[in-house]
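Given next are the chains, with one letter for each unit.
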Amino acid sequence: MAEHFNIRAESQSSTPSDPSQFGDLDSQTQRTSYNGLAAAAMIYSAAYLFAFLTDWFTQLAADGYFHFEPLFDTVVSVVAIGYSLFVAWWCRRQKCEACTFTPVAMSFLPIAALGIAIQAWGWETEGIAVNYSGGPWVWVGVWIVAFPSVVALPPKQILIASSIAAATVPVVLLTSAIAHGVPPEAGNLPWVAVARNTIPVYICVGVAYASAYRVFHLARDVSKARRLGSYQLS
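Residues numbered from 1 in each chain as written. Predicted model: local features only at pLDDT ≥ 70, side-chain atom pairs only at ≥ 80, totals over all residues. Heavy atoms only, no water.

Draft legend 1. Broad picture of the nonpolar core. Core analysis: the largest hydrophobic core is formed by 55 residues, its most contacted members being Leu 37, Phe 101, Phe 108, Trp 143, Phe 147 and Leu 153. Put simply, the parts of the chain that give this core at least two residues each are α1 (27–63), α2 (71–92), α3 (98–117), α4 (136–150), α5 (155–180) and α6 (189–226). When residues in this core are grouped by element, the largest group, 10 residues, is from α3. Discounting residues that sit within four places of it in the chain, Phe 108 has contacts with Leu 37, Ala 41, Tyr 44, Tyr 83, Ser 84, Val 87, Trp 143 and Phe 147. (Core = buried A, V, L, I, M, F, W, Y, C linked by side-chain atoms within 4.5 Å. Buried < 20%, exposed > 50% of the residue type's maximum accessible area, 1.4 Å probe, protein only. Helix = DSSP H or I, 4+ residues; strand = E, 2+ residues; numbered from the N terminus. Contact = heavy atoms within 4.5 Å.)

Written as structure tokens, this is what we have:
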């Protein structure tokens, strides 16, 4: 039985305005990244909202009244959730351009990381200034490592975006300490805690880069395999 193949033209979409090489991927691989980013954005916003509401209700059950988060914390949280919903909507429109996908994905990674890291706001006033380990930055590290596995971005772009995302941890910790003051009993330990809890996040940046290198090169090889000259099998 004869088999029929449909062959359609597939042009390289890389342009001078898209130096990231994401446009060099075939349209099917690009769509996979669009869908992956949309799914990541929806999961992020749902998980964030769930955690926010859970925290409120557990405080209500324990104390009998709501503890409203600080205004700064709340504003950043709303911005992070709102931007994640925008990114999900933008990716689902099926009208994404390769040259705009890269900056949107790169901006989403650090903005979402800031939304997680901001949960450490006021960390030095919670009675944990001397012995503080773990916390929101653990999830920042998880977020940084997971991102390149669902979004095929070039390693260089992942390195830049994840480095900025990791920087949200020391920025939030130091800014909070400056805003609220360092407890006298803590001495210099808060600064040690900042360093101790920042270093693992930057290790995650290295893991993300290695993952992105493998994922993107695999995606590019798959794209090349789908093409026959300037045509693509479908």
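Draft legend 2. How the structure looks around a nonpolar patch on the surface. A grouping of Leu 49, Leu 53 and Phe 57 is seen on the molecular surface, where their side chains present a nonpolar patch of about 280 Å² in accessible area. By the secondary structure assignment, Phe 57 is in helix α1. (Patch = residues over 30% accessible without salt bridge, like charges linked within 9 Å, V, L, I, M, F, W, Y side chains within 5 Å. Areas by Shrake-Rupley, 256 points an atom, 1.4 Å probe, with all protein chains shown as cover. Salt bridge = Lys/Arg side-chain N within 4 Å of Asp/Glu carboxyl O.)

Draft legend 3. Quick look at α5. Between its terminal C-alpha atoms α5 stretches 38 Å, which fits the 38 Å expected from 26 residues at 1.5 Å a residue. Backbone geometry just after α5 places Gly 181 at a positive phi near 85°. (Expected span 1.5 Å × (residues − 1).)

Draft legend 4. Expanded view of α2. Taking 1.5 Å per residue, 22 residues should reach 32 Å; α2 reaches 32 Å between its end C-alpha atoms and fits that length. Among the residues of α2, Asp 73, Val 76, Ser 77, Ala 80, Ile 81, Ser 84, Val 87, Ala 88, Trp 90 and Cys 91 are the ones counted as buried.

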